[in-house]
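Chain residues, written in single-letter form:
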Amino acid sequence: IIDLYILLCLHYLKTGINGMYLANKLVDSHIKTFITYNKGQTWALLPAPAADVAGNNLHCILPFCSLHLHLEMSENPYTSGPITSKKSVPGIIVATGTTSDISNILQQLEQMWMFCWVFLLLFSHRAPTQIFDEEHNIWFLDNGGALLAVLHATTPIRHLWISLDEGKKWDRHSFSLAPLYVDGVLMEPESDNHIITFFGHFSHRSEWQLIKIDYKGLFNRRCMDGDYQTWYLHNKGELCVMGEKQIYMKRRPGNRCMLAQDYSRIYSSEPCLCTAYDFECDYGWERQADGKCSPAFWFNPNGAAKSCSTSQSFLNSTGYRKVLSNNCKETGRNVYSPRRETCRPRAPRGLRLSTSQGELSAAVGSNVTFMVYLDDGDSLRTSIQLDFGDGIKITYSNLSRTDDGIKHIYRATGIYRVTASAENSQGSDSSTLFLHITSPVERVYLSAPIVAIRGKEANLTAVVWPSHPRTLTFFWWFDNSSEPIITLEGSISYTFQKEGKNKVTVQVASGSTVLQDSKVITVKEFFRSLLLSFSPALDEHNPDIPEWREDIGRVVSGVLEDQLLVSLYPGLPTTAELFILPDEHTSSEHNRRSEEALERISDIFVTALNQGLVQFELKTDIRIIVYMTQQTLAPLVDSNSIHSGSAMLMLLSVVFVGLAAFFIYKFKRKIPWIHVQTEDSHEKEPEVISTVGQNDTMSKVKLSEFPSQKELMEKELEARTRGIYNLEMIMCSTVC
C-alpha cells in the first residue's frame, strides 16, 4: 500500500500538448487526478463522464467526485499499459481508471484495481468518455487516425476492436480462428507499414504462435484536404494555452481515408499577450491565497543587489518568472517581468566572520582560513580589514578579493580576538570572533604542600609543559567529591576540613587531550617544621626536577627517622623543610600536651642539625651534611596564658632543652607517645639522577633514643625544685 501511495503521489504523465500534464495526489484520504495546462502553475481536478458505457448516469459532480486514472506506464513494450498517449496525437489520452467519491482509500484502491474502466480523454469540446467497462490495451494506428483495442484478460481471446472516429464507435474483428492467449502486439508506428503482429499460444503447452494482420483494407483511399476539419485546444473555454492559440487539423468523423505519413496536426499557432496565468513564482517567492507571489520568510528580495556596484544596473525580480516553454508575447511595461534598477551606494550591513570549517580552535602552527561575508552593501567599493589579534592586520580593497578565504598562521598559543571591519563612503560594519590556539600538553605536575592545617587555605599549582597561558581548563578533584572545581588558571586555594590523608587530583584539558596528576596531602590541626640546607656539593648535582627532590627527601627522612616528612624546594641553593606531626589518634583534650611535645622534639632536632650529626653519602667520597636554616612555627591552636610570666617561660624552655639533650645521648630511650610519619607516595618510584650511596655506618638520629614522657616529667619537676640559681646555671651551661 505504501509503494502504491508513493507511485500515485509522485507519478505524472506528459501529454502530447505543450505544458499539459496529469498527476495523481493523495488529498484527505482520496486519490485524485489533477490536470495542468501551464506546466504546473495551476492544477484542476479531472471531471468524470456524465454516463457510463451503458448510458447510466454516474452522478459524479466536482469537487466531491472526479475521475481517477492509473498513471502507471507499462513496463512491457508489447502491451500499452493502463494509460496511453502519443505525441503525434495531441489531445487524446486513453487511460484505465474509475470514478468514486468514497473516502476510504483502501476501498478506493480495491475498486480501482478490481473494477477498472477504460476512458478516452479528448481535450477539445468533449468531456472524458467511457469506452469499455473492462481493462483493454489500446494502440494508435495510422499515425493516430485509428485506435486498436485488445482485451487485457487471462483467458484466450479471438477478437479485437478498431475505431476510426476517436472512440465513438468500435468495430469488432476476428483475428484468429481459435482463441489465443495474447502475450503481446508488435507494430511499426509512424510508417506506411500497416501490419499488426499478435504473438501468443493456444494453450499453456503449445508452441508460440504469430498472427499478422494487415489493416490497410479498412481504408479506401488517402485523405485529401476536404477530409479534414479544425479544432481548437482550450482550457475551460480559454483558447490561450501556454501563451499561444493553437489550431489543430483532424479527420472528419466517418471518413475512411488513410492519413499521409507527413501529416501535420498543427494547422496554425498564434502567440497571446502575457497574463498572470503565464507566470509562476520566482525563486524565494510563494503564491498566496489571492494568487499573488510574496517573498518567503527566509528570502531577502534585495539580496541580489549586494554585488551591485555604483554606476551599474541590475535586473530585479518582481516575484514572477515566465513558465518555461511559454510563448506569450510581452508588450509595453509588464508588471510581471524583471525591472532594471540602478545600483545605489549602500553602507555595509550584515558583516559575518567565520573560519572555513566553522571551528573556533586550531593547533599552533596550522593554517587557519577565515571567511568574510557581507549580506548587504556595495561590495565592490567596500574595503575589508582583518585584524588577526596577534599584531598583524591585512586590508583588501573590496570583498571580491576574499572569495577564497584569508589564511593566517599563529605561532603562539592563546585566545585571540579576530576582528573583521568593512567600510565605504556610506558607513561601516564589523564582526568579531575569538579563536583558541592550542598545542599538545606533554606533561602535568601538581605542586602542593605535603602538610596542611585544617581550616586554613592551602595553595595548589598545576605546572604544565609546555607553558599554555590562558588556553587550558583545569579540573580540581578533592577526595571523593562528585563534582570538580573548574578554573582557567593553574593555581587554586583550597581549605581542607578533614584531618588525615587527602588526595588531590588535577586534570588539564587542552582541546581533546586530558592529562592529570595527583598528590596526597596530610592535614593536621598543628605541626612543627624546620627549614633545612645542605652542603654546597649537593647544588652541583641538583638537576632541579621533582623526581630528584623526592628521592633526596626520602634519603634525608631515612637518616633522621623513617617516620618523618622531608620536602625539598625547587631552585638553587638546595633547601628543604622537615615536618614533625602529632599522633593521628591525638584527641582534642591532649592537643596542649602534644603541642609541647612537638616543641621539645623540634628543639632536639635543632641541636642535632646544628652539630652536623645528620649526614648522607651522595656518591663515593661525597658526603652531604644537613643543616638547619631557620626554625618556623606552624600555627599552633592555643593562645591561653598558662605561666606566671615570660621570664619563667623562658627559663623552663631552656631547662627542657637541656634535659632533653642530656637524656637523649645518655639513656637513648624511646618516647612512645609521639608519632611522626612520612609522605605516603603512591606514585611510581622514579629513577634517581644523582645516585645516593647507602652506607650502613652512616650517622642517624633515632627517635627511639628519646627519653620517655615519665622521665621528662620527673626531670622537669626536679628542675623546678632546685631554685632560680640552678636554673640559671643550667641555662648558662647549655647556651655555652
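None of these values were measured; they are calculated from a predicted model.

Helices and strands together make up the secondary structure of the chain, namely 8 helices and 48 strands. When burial is assessed residue by residue, the chain has 45% of its 736 residues classed as buried. Considering only contacts in the chain between residues 6 or more positions apart, those separated by 24 or more positions represent 60%.

On to the side chain of Thr-318, then. Along the chain, the position of Thr-318 falls in the loop between β25 (313-316) and β26 (320-322). The buried category is assigned to Thr-318, whose relative accessible area is 12%. A polar contact is formed between the side chain of Thr-318 and the backbone oxygen of Tyr-336, at a distance of 2.8 Å. Leaving out residues up to four positions away in the same chain, Thr-318 has contacts with Trp-285, Val-335, Tyr-336, Ser-337, Pro-338 and Arg-339.

Disulfide: a covalent bond connecting the sulfur atoms of a pair of cysteines. If you walk through the whole model with that rule in mind, you get 5 disulfides. Paired through a disulfide, Cys-281 and Cys-293 show a sulfur-sulfur distance of 2.0 Å. Taking the sign of the S-S torsion, -85 degrees for the link of Cys-281 and Cys-293, the bridge is left-handed. On the criterion of sequence distance, the pair formed by Cys-281 in strand β22 (residues 279-281) and Cys-293 in strand β24 (residues 293-295) is long-range, its members being 12 residues apart. A single burial state applies to Cys-281 and to Cys-293, both of which are buried.

The next point concerns helix α4 (residues 546-560). Compared with the 21 Å implied by 1.5 Å per residue over 15 residues, the 21 Å span of α4 between its first and last C-alpha is a close match. Counting buried positions along α4 gives 12 out of 15 residues, so the element sits mostly inside the fold.

Bringing the pattern of salt bridges into the picture now. Taken as a whole, this structure holds 14 salt bridges when the rule is applied. Among the ionic pairs, Arg-256 bridges to Asp-171, the shortest N-O distance being 3.4 Å. Here the residue Arg-256 occupies a position in the loop between β19 (244-251) and β20 (257-258), and Asp-171 occupies one in strand β13 (residues 171-174), the gap between them amounting to 85 residues. Here Arg-256 falls in the partly exposed class, since its relative accessible area comes to 37%. Of the charged contacts, one joins Arg-221 and Asp-227 as a salt bridge, the two residues approaching to 2.7 Å between their closest N and O atoms. A relative accessible area of 39% means that Arg-221 is categorised as partly exposed. What you see here is one network of salt bridges that share partners, running through Glu-280, Asp-282 and Arg-321.

Before going further, it helps to spend a moment on the sheet that holds strand β33 (residues 406-409). An order of β28-β30-β33 is seen for the 3 strands of this open sheet, with the pairing classed as antiparallel. Unpaired on one side and paired on the other, β28 (349-355) and β33 mark the two borders of the sheet. Taking each pair of neighbouring strands and ignoring which way they run, the sheet shows an average axis angle of 25 degrees. Relative to β33, strand β30 (residues 367-376) runs antiparallel, the two sharing 4 bridges. Opposite Thr-369, over in β33, you have Lys-407 as the bridge partner.

Spatially, 3 strands are ordered β14-β15-β16 in an open sheet, and the strand pairing comes out antiparallel. In the strand order of this sheet, the two ends are held by β14 (181-187) and β16 (209-214), each with one partner. Averaged over all neighbouring strand pairs, the angle between strand axes comes to 25 degrees, with direction disregarded. In terms of strand pairing, β14 meets strand β15 (residues 195-201) through 6 bridges, oriented antiparallel. The residue of β15 that forms the bridge with Tyr-181 is His-201.

With that settled, the discussion passes to the nonpolar core. What tends to happen in soluble globular proteins is that the nonpolar side chains get buried as a cluster. Counting residues in hydrophobic clusters, the biggest one holds 27 residues, and the most contacted among them are Leu-530, Leu-532, Phe-534, Val-556 and Phe-616. Broken down by secondary-structure element, the contributors of at least two residues to this core are β44 (528-534), α4, β46 (575-580), α5 (591-610), β47 (615-619) and β48 (622-633).

The omega torsion across Leu-62 and Pro-63 is 0 degrees, close enough to zero to call that bond cis. Within the chain, Ser-325 stands out as a residue other than glycine whose phi angle is a positive 75 degrees. Along the polypeptide, Ser-325 turns up in the loop between β26 and β27 (339-342).

Per the stated rule, a full pass over the model turns up 17 aromatic pairs. Centroid distance Phe-279 to Tyr-336: 5.2 Å. Interplanar angle 25 degrees. Geometry classified as stacked. Within this pair, whereas Phe-279 is found in strand β22, its partner Tyr-336 is found in the loop between β26 and β27, the two being separated by 57 residues in sequence. What makes Phe-279 buried here is its relative accessible area of 2%. A centroid spacing of 5.9 Å and a plane angle of 80 degrees characterise the contact between Trp-298 and Phe-299, whose relative ring orientation is edge-to-face. Phe-299 sits in the partly exposed class, given a relative accessible area of 23%. Here the aromatic cluster, defined as three or more aromatic residues joined through ring pairs, consists of Phe-132, Trp-161 and Trp-170. Above the face of the Trp-465 ring, Arg-443 is positioned so that its terminal group lies 5.1 Å from the ring centre.

We now examine a nonpolar patch on the surface. On the surface, Tyr-283, Phe-297 and Trp-298 cluster together into a nonpolar patch covering about 470 Å² of accessible area. Along the polypeptide, Phe-297 turns up in the loop between β24 and β25.

The predicted model of the chain has a mean per-residue pLDDT of 75, with 73% of residues at 70 or higher. Below a pLDDT of 50 lies the segment residues 1-11, which in the model reaches 18 contacts outside its immediate sequence neighbourhood of four places, other chains included. Here residues 631-647 is a poorly scored stretch, pLDDT under 50, and it has 28 contacts once near neighbours within four places are set aside; other chains count.

What counts and what doesn't
Residues numbered from 1 in each chain as written. Predicted model: local features only at pLDDT ≥ 70, side-chain atom pairs only at ≥ 80, totals over all residues. Heavy atoms only, no water. Helix = DSSP H or I, 4+ residues; strand = E, 2+ residues; numbered from the N terminus. Buried < 20%, exposed > 50% of the residue type's maximum accessible area, 1.4 Å probe, protein only. Contact = heavy atoms within 4.5 Å. Polar contact = N/O pair within 3.5 Å; in protein donor to acceptor, adjacent residues only side chain to side chain. Disulfide = S-S within 2.5 Å. Expected span 1.5 Å × (residues − 1). Salt bridge = Lys/Arg side-chain N within 4 Å of Asp/Glu carboxyl O. Pairing = 2+ DSSP bridges. Axes fitted to C-alpha atoms, helices over the stretch in contact; angles between N-to-C directions. Core = buried A, V, L, I, M, F, W, Y, C linked by side-chain atoms within 4.5 Å. Phe/Tyr/Trp six-rings, centres within 6.5 Å; stacked < 30°, edge-to-face > 60°. Lys NZ or Arg CZ within 6 Å of the ring centre and 35° of its normal. Patch = residues over 30% accessible without salt bridge, like charges linked within 9 Å, V, L, I, M, F, W, Y side chains within 5 Å. Areas by Shrake-Rupley, 256 points an atom, 1.4 Å probe, with all protein chains shown as cover. pLDDT = per-residue confidence, 0-100.

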